[in-house]
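For reference, the chains in residue letters:
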Amino acid sequence: MVEKILKNARIPLVVIGCALVFMSVRYLGGNSFQNLTMILGGVAFAAALFFALILSRPSSKRNKGEANSYKYALVWKVLITLGAGLAVLYYHLLGTEAEPQTAGLKILLALWLLFLIFGFFLGLGTELAIKEFGFGANAEPKRVKLASLSWLLAGFSLAIVIAINFIGVQFNTSVDWSYTKVTKPSEGTINAVRTLDGPLNVYVYYPRRSEVLRYVKEYFTSVQQHNKSINIIYTDKDLEPVLAEQLKVRDNGFVVLSKSEDPAKGDAKKINIGLTIASARKNLAKLDESFRSSFIAISQKAKFAYFTVGHGENTWQGERDPLRSINAIYDFLKSQNYRIETLSIQNGSMEKVPDNASLLVTLGPTSPFAPEEVKAIDHFLSSGGKYLVALDVNAPGEAVNVKNLGEDPLLAMLSTKGIDFRSQVLSDEQQFARATGGKNDRWFIFSNVFTSHEAVRNLSRFDTQLALLFYRSGYFDINKNNPDWQVSELIKSMASNYVDTNENFAFDPNETKGTRILGAAIEKKMIPPTGTKDSAPDISNQGRIVALSDASVFADVLLANSRGNQLLAFELFNWISGTPELSGALESEEDVKIILKQNEQLAFYYGTLFIPPLLVFSIGVIVLNMRRNRHKRRIR
């Protein structure tokens, strides 16, 4: 009877002791019952240890093998008791602090956690083994020991994962090798720098011993190698306060670009990088992009880009569907030194395109243009204007469809230039971007089929690495026999694409697969100037059109997820404005953000915390069962 009580009571006593100690340190701080609860917890631990000690000694009812098995049970109880005692000491020394501040307290925190983890896993393995082969004359203490050590290994794995998470959260230290990537300007920046035709001063404001300076210095040293007109001046705000006041620099950590010999005169562009690695991390990742934008803004003449509105076009204004929002294009053009304006019937679109317009843009109209508006656009093109137009089969994500777009005078005008838009959706059963998991993903087609035209020169260079994303794209038919305009193909669809005429997401017998044109460039044929045969026409007076069969290529959601779409925007806007020399491969060192909702963050955290030890535990259980089965077969 006594033997049975000892065996059945020892484990519940440990659980009760843990619960009482936990209550005393977490919920009864300063309470009159805290000491009493802690004493009761200590008594429970002491009784459990005493019972285990008695069971670990041979007697008339316990042979030596069974007693040895209970010795291992005594070990895990000692570990749990030590962990609980250290936890009491830790919380007593911690006092009212929210977290440990000294190295001693942090070590104490780690110790009591480790003792509890090791004790728990060792106890679980030991008790399961004792229950299986730890009793009576056939008790096998060696098997109990082996099982205990297997479970202890799982405890070690969990402890390692917890330690890694703790170090990452508490100390937040990392070795960031990616900084070396910002020391070289991208091809697009190099091409822009080479266009500089006058001196440019770059003032770098950093103290000599700044940990950020070496990254900034390496980058601008590389920039200077491509144009000796760039003068890099390293200075300190505190050492030259007058110069800093003239450039309106109030602190170190800035880079200032100025074309004027007198810093107090002329425009200057400032780039805020940051004074420490912690504050400069994100800005260093975007240094090339920031410098290129500032360089273009200060070295190039400001240009005006007019976006047509009033026909349901994609816009950056107000709340929009992600496939209809173009905030990224707006920001990109601003960085290219464009001033953005809108053009509508209310401000004269039926009369003419403004004289100061360097570029006219129409993205995704959903209702027809007025004949007078199209006439004004045609006159703008005949006078050397530049026009980028992207059409849509309909407005994705919205309830409004294109209204009689087939009768739109804009499409009729484009037809006279050599392109006919077909408002039928291109789909693919195999090669498509998987976004939602539904059938409509088949309309998320992609393409890396580019021609050798100058407008997509860099895309064709990287066609094995980059692809363009389209959603509900139509296509063009081209007529190259136009006496006044030269039509060139830019982008083609994949050969596996088909026209989904009934929009049922399936390839039907009456539908056809094949390559179709998704983008085209149209140029006004120019008569070379009289005189030398080799004289080239002035492209500044050459009308140019870039036409795309899908406006979604410039939507925020696709630009954010496709480097190909980003490079397409960079290439097309530079070509159509007559500055293809500013194009080039772009570098982006900014990390892609992984945004998780709160429940997803918890799942990710606990997944990394528990999956590795559970995996080790599962392997241990499998091995243990295999050995147990072999033992049973041996007995039989």
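Here the structure is a predicted model, which is why all the values come from computation and not from measurement.

Next up on the list: the overall build of the protein. Helix and strand counts for the protein stand at 17 helices and 18 strands. A burial count over the protein gives 48% of its 636 residues as buried. Expressed as a percentage of contacts within the protein between residues at least 6 apart in sequence, the contacts between residues at least 24 apart total 72%. Per element, the accessible surface of the protein, about 32900 Å² overall, is 56% carbon and sulfur.

The grouping of F33, L36 and L40 at the surface amounts to a nonpolar patch, some 310 Å² of accessible area in total. Topologically, L36 is positioned in helix α2 (residues 34-55). Given a relative accessible area of 46%, L36 falls into the partly exposed group.

Now for the confidence of the model for the protein. Of all residues in the protein, 79% have pLDDT values of 70 or greater, and the mean over the chain is 80. Looking at the elements of the protein, mean pLDDT is at its lowest for helix α17 (residues 598-635), recorded as 59, and at its highest for strand β8 (residues 386-390), recorded as 96. Low confidence marks residues 170-180, where pLDDT is under 50. Its contacts with residues over four positions away, or in another chain, come to nine contacts. Considering only residues more than four positions removed or in separate chains, one finds that residues 588-602, a stretch of pLDDT under 50, has nine contacts.

For the rest of this paragraph, the subject is the nonpolar core. F307, F554, L568, L572 and F573 are the most contacted members of the largest nonpolar core, which has 44 residues in total. Those residues in contact with F307 that sit more than four places away from it in its chain are W316, I326, I329, L333, I340, E341, T342, L343, V361 and L363. Core analysis: the second largest hydrophobic core is formed by 29 residues, F45, F118, A129 and A147 among them.

So, on to the side chain of E313. Relative to the helices and strands, E313 is located in the loop between β5 (303-308) and α11 (327-335). R324 provides the closest opposite charge to the buried, unpaired E313, separated from it by 7.2 Å. Of the polar contacts made by the side chain of E313, one reaches the side chain of T308; its length is 3.0 Å. When near neighbours in sequence (up to four residues on either side) are disregarded, E313 contacts T308, R320, R324, T362, L363, G364, P365 and F369.

Here we take up the packing of α2 against helix α3 (residues 64-94). With their axes 8 Å apart at the nearest point, α2 and α3 run at an angle of 165 degrees to one another. Between α2 and α3, the interaxial angle falls into the category roughly antiparallel. Between α2 and α3 lies a crossing of left-handed hand. Contacts between α2 and α3 involve M38, F45, A48, L49, A52, L53 and L55 on the former and, on the latter, A67, Y70, L74, K77, V78, I80, T81, A84 and V88. Residues that form the contact of α2 with α3 fall into these classes: 14 nonpolar, one polar and one charged.

In this model, K248 sits at a positive phi of 60 degrees, which is unusual for a non-glycine residue. Residues other than glycine seldom take positive phi values, yet E503 does so here, at roughly 50 degrees. With respect to the secondary-structure elements, E503 resides in the loop between β16 (498-499) and β17 (517-524).

Turning our attention to α11. Along α11, the positions that sit buried rather than exposed are I329, F332, L333 and S335. Burial along α11 is one-sided: seen end-on, the buried residues are contained in an arc of 155 degrees. In this fold, the buried residues of α11 make contact with α10 (287-299), β5, β6 (338-343), α15 (556-561) and α16 (563-576). A positive phi of about 70 degrees marks N337, the residue just after α11.

Definitions and limits used
Residues numbered from 1 in each chain as written. Predicted model: local features only at pLDDT ≥ 70, side-chain atom pairs only at ≥ 80, totals over all residues. Heavy atoms only, no water. Helix = DSSP H or I, 4+ residues; strand = E, 2+ residues; numbered from the N terminus. Buried < 20%, exposed > 50% of the residue type's maximum accessible area, 1.4 Å probe, protein only. Contact = heavy atoms within 4.5 Å. Areas by Shrake-Rupley, 256 points an atom, 1.4 Å probe, with all protein chains shown as cover. Patch = residues over 30% accessible without salt bridge, like charges linked within 9 Å, V, L, I, M, F, W, Y side chains within 5 Å. Salt bridge = Lys/Arg side-chain N within 4 Å of Asp/Glu carboxyl O. pLDDT = per-residue confidence, 0-100. Core = buried A, V, L, I, M, F, W, Y, C linked by side-chain atoms within 4.5 Å. Lys, Arg positive; Asp, Glu negative; His and termini not counted. Polar contact = N/O pair within 3.5 Å; in protein donor to acceptor, adjacent residues only side chain to side chain. Axes fitted to C-alpha atoms, helices over the stretch in contact; angles between N-to-C directions. Parallel < 35°, antiparallel > 145°, perpendicular 65-115°, else oblique. Left-handed = near helix turned anticlockwise from the far one by under 90°. Nonpolar A, V, L, I, M, F, W, Y, C, P; charged D, E, K, R; others polar. Arc of directions from axis to C-beta.

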